[in-house]
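Letter by letter, the chains look like this.
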Amino acid sequence: MNAIASEINLRRDWHGKEVETIYFGGGTPSLLSADKLAYLLKDIRTNFRVKDDAEITLEANPDDINIDYLNELFAIGINRLSLGIQSFAQNDLHVMNRAHDVDQAKKALESIRNSKFSNYSADLIYGNILSDDAQWIENIEIMLSYNVPHISAYALTVEPKTRLAYHIKTGKWPEVDEDKQHEQFLILCDKLAKAGYEQYEISNYALPGFRSRHNSAYWQRKEYIGYGPAAHSYSDKKRSWNIRNNALYMKSIERGERAFEDEELSRIDIFNEMIMTGLRLKEGVKISDLMNYLPQEYSKEWLRSVEELEAESKIEMNNGRIKLTAQALFFADGISAKLFIV
């Protein structure tokens, strides 16, 4: 905590900028007391101009939530929560090695509903290897029964050196089925649309007025700064990332040394990032913005790729924007890659 506060003070080139959103995440910040979070918020407010209506989000695990803690969070200025539910099926939580159980997930949502928080998100994971479509539909229906204003949903991924990866490799559990994941993605889109949610980004669905302002800033490529081990930052065509190792990070900060590496992005880097992030959004990306970074020597080849994908009904161009068609959303990464300049 002291090292993070020191880093906030050390990186003076960012000081004085106006802040629209603050996000405590990338780990388990709900393990911290409200007092410790207030300590960091005070440092942020001392060094930045935080807007009166800033969105201030805390990621939280269901087993960390109770009504008293929520009231303390709200009192210090946290005004949005992101709750890691993942599933309402115990076998899914077991596969994902989650610390909470189904009852804790439901109690956490109930506590939030009874607190002062009106703006919050909860996430689900689809394509779980030990559950079927019926279980997935039940997951969605339980989530909808709590009237959660924002829902994020992601396909199950297998990270190296995890228990899940080990059990799949040894044959104890089946491999991830991409066809099943695609089918469950379509089920999700249909059910949430009928319930009044807008799919404003591939993995994010919001009731009117509840889009995530912080995450939207990433997809719109606005500048941001990250503090703490492994945090990333972006500004003025430059991207940086902090030391991942906690001990090395703290030692660097204690010595007053920079605890990050950075790189200057080329025009092609920026172009590819605009494709990757912009095509995730419902609105897509402005063609004129892309043309500002597309080198002339690549334009014919790139436009030919666009025409091919348009003929395959994977993308569409209208109102000066390029975006994915509804049936292509699940395959966004692969389609985006075909439009990269390499």
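None of the values given here were measured: they were computed from a predicted structure.

What counts and how
Residues numbered from 1 in each chain as written. Predicted model: local features only at pLDDT ≥ 70, side-chain atom pairs only at ≥ 80, totals over all residues. Heavy atoms only, no water. Pairing = 2+ DSSP bridges. Helix = DSSP H or I, 4+ residues; strand = E, 2+ residues; numbered from the N terminus. Right-handed = clockwise from strand over helix to strand, strands pointing away. Axes fitted to C-alpha atoms, helices over the stretch in contact; angles between N-to-C directions. Phe/Tyr/Trp six-rings, centres within 6.5 Å; stacked < 30°, edge-to-face > 60°. Buried < 20%, exposed > 50% of the residue type's maximum accessible area, 1.4 Å probe, protein only.

K.L.:
Explain the pairing of strand β1 (residues 18-24) here, please?
P.N.:
Side-chain direction in a regular strand flips from residue to residue, so the side chains alternate between the two faces of the sheet. Pairing geometry for β1 and strand β2 (residues 49-60), over 6 bridges, is parallel. In the sheet register, Ile 22 faces β2, and the bridge partner there is Ile 56. In this fold, the crossover linking β1 to β2 by way of helix α2 (residues 34-47) has right-handed handedness.

K.L.:
Please explain the pairing of strand β12 (residues 315-318) as it appears in this structure.
P.N.:
With 4 bridges joining them, β12 and strand β13 (residues 321-324) adopt antiparallel strand pairing. For Met 317, the partnering residue across the bridge sits in β13 and is Ile 322. The hairpin turn running from β12 into β13, its antiparallel successor, is 2 residues long, and Asn 319 in that turn takes a positive phi close to 55°.

K.L.:
When you look at the sheet that holds β1 in this model, what are you seeing that I'm missing?
P.N.:
One key point about sheets: their strands pair by backbone hydrogen bonds, in either a parallel or an antiparallel sense. With mixed pairing, 7 strands are arranged side by side in an open sheet as β1-β2-β3-β4-β5-β7-β6. Each having just a single partner strand, β1 and β6 (198-201) make up the two edges of the open sheet. Sheet twist, expressed as the mean angle between neighbouring strand axes with direction ignored, is 25°. Relative to strand β4 (residues 120-126), strand β3 (residues 80-86) runs parallel, the two sharing 4 bridges. Following the sheet pairing, Leu 83 is matched in β4 by Ala 122.

K.L.:
Hey, could you run me through the environment of Asn 97 in this one?
P.N.:
Looking at the element boundaries, Asn 97 is found in the loop between α4 (90-95) and α5 (102-113). As a C-alpha pair, Asn 97 and Arg 163 span 66 residues in sequence and 7.7 Å in three-dimensional space.

K.L.:
What is the right way to look at the packing of aromatic side chains in this model?
P.N.:
Any aromatic ring pair is given by two values, namely how distant the centres are and how the planes are angled relative to each other. Going through the model one piece at a time under the given rule, you end up with 9 aromatic pairs. Taken together, a centroid distance of 5.8 Å and an interplanar angle of 55° make the contact between Tyr 126 and Trp 136 tilted. A residue pair is termed long-range when its members are at least 10 positions apart, and Tyr 126 in strand β4 and Trp 136 in helix α6 (residues 133-145) qualify at 10 residues. Each member of the pair Tyr 126 and Trp 136 is classed as buried. Look at Phe 185 and Phe 330: their rings are 5.5 Å apart centre to centre, the planes differ by 45°, and that puts the pair in the tilted class. Placement of Phe 185 in helix α8 (residues 178-194) and of Phe 330 in the loop between β13 and α14 (332-338) is noted, with a sequence separation of 145 residues between them. Residue Phe 185 shares its accessibility class with Phe 330, and that shared class is buried.

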